[in-house]
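Commentary on secondary and tertiary structure
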Amino acid sequence: MTQIRLPATCIAELAYATPGTRASKLRPYKYSNRGEGAGRSAYYKATRDTVREYHRSQNSTRVIRQAIERLTAIENDLSLPRQTRTKAKKNIEAIHAYEDLYGNRTFIVMPNHFLALEIGSVTIKAQPDLWVSENGTEVLIKIGVAKNKSADQVDLLLHLIRKAAIKTGYKIRAKNVVYLNTRTGDEVISQLPLNHFNRTIVNTCRAIGGVWENVRPPVPRQRPTVV
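Rules and cut-offs
Residues numbered from 1 in each chain as written. Predicted model: local features only at pLDDT ≥ 70, side-chain atom pairs only at ≥ 80, totals over all residues. Heavy atoms only, no water. Pairing = 2+ DSSP bridges. Helix = DSSP H or I, 4+ residues; strand = E, 2+ residues; numbered from the N terminus. Contact = heavy atoms within 4.5 Å. Axes fitted to C-alpha atoms, helices over the stretch in contact; angles between N-to-C directions. Expected span 1.5 Å × (residues − 1). Buried < 20%, exposed > 50% of the residue type's maximum accessible area, 1.4 Å probe, protein only. Parallel < 35°, antiparallel > 145°, perpendicular 65-115°, else oblique. Nonpolar A, V, L, I, M, F, W, Y, C, P; charged D, E, K, R; others polar.

Some points on the sheet that holds strand β5 (residues 130-134)
Sheets are built from strands that pair by backbone hydrogen bonding, the pairs being arranged parallel or antiparallel. The strand order across the open sheet formed by five strands is β2-β5-β6-β7-β8, and the pairing between neighbours is mixed. The open sheet has two edge strands, β2 (108-109) and β8 (186-189), and neither has a second partner. Examined bridge by bridge, strand β7 (residues 177-181) and β8 share four bridges and lie antiparallel to one another. Across the sheet, the residue bridging to Y179 is V188, located in β8. Against the sheet, helix α5 (residues 82-102) contacts β5, β6 (137-144), β7 and β8, and its axis sits at roughly 125 degrees relative to β7.

Notes on the sheet that holds strand β4 (residues 122-125)
Judged by pairing direction, the sheet is mixed, and its three strands sit side by side in the order β1-β4-β3 without closing on themselves. Strands at the two margins of the open sheet, each flanked by one partner only, are β1 (4-7) and β3 (116-119). Between one strand and the next, the sheet's axes are offset by a mean angle of 25 degrees, whatever the strand orientation. Where β1 and β4 come together, four bridges link them in parallel fashion. Across the sheet, I4 pairs through a bridge with V122, a residue of β4. Against the sheet, helix α7 (residues 198-211) makes contact with β1, β3 and β4, and its axis sits at roughly 120 degrees relative to β4, the strand it touches most.

Section: α5
Between its terminal C-alpha atoms α5 stretches 30 Å, which fits the 30 Å expected from 21 residues at 1.5 Å a residue. Turning to α5, its buried residues number three or more, namely A88, N91, I92, A94, I95, A97, Y98, E99 and Y102. Of the surrounding elements, those touching the buried residues of α5 are α3 (45-56), α4 (61-75), β5, β6, β7 and β8.

Examining the packing of helix α6 (residues 151-168) against α7
Here α6 crosses α7 at 90 degrees, and the two axes come no closer than 11 Å. With respect to their mutual orientation, α6 and α7 come out roughly perpendicular. Side by side, α6 and α7 meet where L156, L160 and K163 of the first sit next to N198, T200 and I201 of the second. Here the residues of the contact of α6 with α7 sort into three nonpolar, two polar and one charged.

Written as structure tokens, this is what we have:
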């Protein structure tokens, strides 16, 4: 079997999925260039770009306002696909949440280094959305909506990012790997020991390897025939 490459968000989701739903949950990750899987990694690109420019311009609120205006125009443009407008709305929420929580911080946005863990036949890509530094301390930030994620899923996601960072040679403390919940504006930090999810991670990767070959491509939606 060739090596399976999956993001840490997928592992966190699959770890708490029932056996009967694993294949369907894996589908958008296996076929990431089709259907609902397309564009996952770039979902918060507008937020990342805005944050980089915000800190590069010495925390200029003008950068935030201009980004919100551009995204609001997209959200309100009914000629655009619903998914495009929803993504704009989610990025607006993420930018507001970031500004509320970190707007006064003197972050320097660093290059986002490639982080990964190899567990059996699965390579876990554990990229944060933002890698920043403040007074010599590096902070890794993951952006998302925790509405449909349990506390364990968010904890596991943060653990995977930190494990991958340490394995790659970066000494990152647990309090400096954070999840920004854009729905509530809260910052989540894991309080669990680094080895807490070891068995969960191994078992999840083993389960993924067991069903991977049986995950079929999504069925294209049939457009109604115009008579």
